[in-house]
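Examination of the molecular architecture
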Amino acid sequence: MAHEAGIRVVMITGDYLKTACAIGRDVNILGGSVNAVENAVDCMRMRPDGKYLPDSAMDQLTSATRVFARAKPEDKLEIVKSLQRQGLVTAMTGDG
């Protein structure tokens, strides 16, 4: 329903990448194709040396990613800030 309304749904989870991809496919965030996994990342890619990527690199990563795995609470904030820099309206919901 969200897709039909033009809403881009992104999942941010603490689960491992393989689990996150399976969930993303099940709820149609990634779609069913094998190539859809290209739209999923382990959040370690956002902080390869312990520091977050520069804004331009972070924005490039978040613009193409639909599923973020192994996210820490602070990663969620960085993802939201990146999406907002791109002019996107963001909202977050969760179970915790």
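Before reading on, note that the structure itself is shown above.
Residues numbered from 1 in each chain as written. Predicted model: local features only at pLDDT ≥ 70, side-chain atom pairs only at ≥ 80, totals over all residues. Heavy atoms only, no water.

Next up on the list: helix H1 (residues 17-26). Listing the buried residues of H1 in full gives Ala20, Cys21 and Gly24. Summarising the axial view, the buried residues of H1 lie within an arc of 100 degrees, below the 170-degree limit, and thus occupy one face. Facing away from the buried side of H1 by over 90 degrees, the exposed positions are Lys18 and Asp26. Buried residues in H1 make contact with strand E1 (11-12), strand E2 (40-42) and strand E3 (67-69). (Buried < 20%, exposed > 50% of the residue type's maximum accessible area, 1.4 Å probe, protein only. Helix = DSSP H or I, 4+ residues; strand = E, 2+ residues; numbered from the N terminus. Arc of directions from axis to C-beta. Contact = heavy atoms within 4.5 Å.)

Looking at helix H2 (residues 55-64), one finds that the buried residues are Met58, Asp59, Leu61 and Thr62. Buried residues of H2, viewed axially, fall in a sector of 165 degrees; they line one side. Away from the buried face of H2 by more than 90 degrees, exposed residues Ser56 and Gln60 are located.

Our focus in this paragraph is the pattern of salt bridges. Side-chain pairs of opposite charge can arise where the charged atoms are in close proximity. This model, assessed by the stated rule, comprises 5 salt bridges. Here Arg47 makes a salt bridge to Asp75, at a shortest N to O gap of 2.6 Å. Here Arg47, found in the loop between E2 and H2, pairs with Asp75, found in helix H3 (residues 73-85); they are 28 residues apart in sequence, far enough to count as distant. Comparing Arg47 with Asp75, the two get one shared label, buried. Three or more residues joined by partner-sharing salt bridges are found here, namely Asp55, Asp59 and Arg85. (Salt bridge = Lys/Arg side-chain N within 4 Å of Asp/Glu carboxyl O.)

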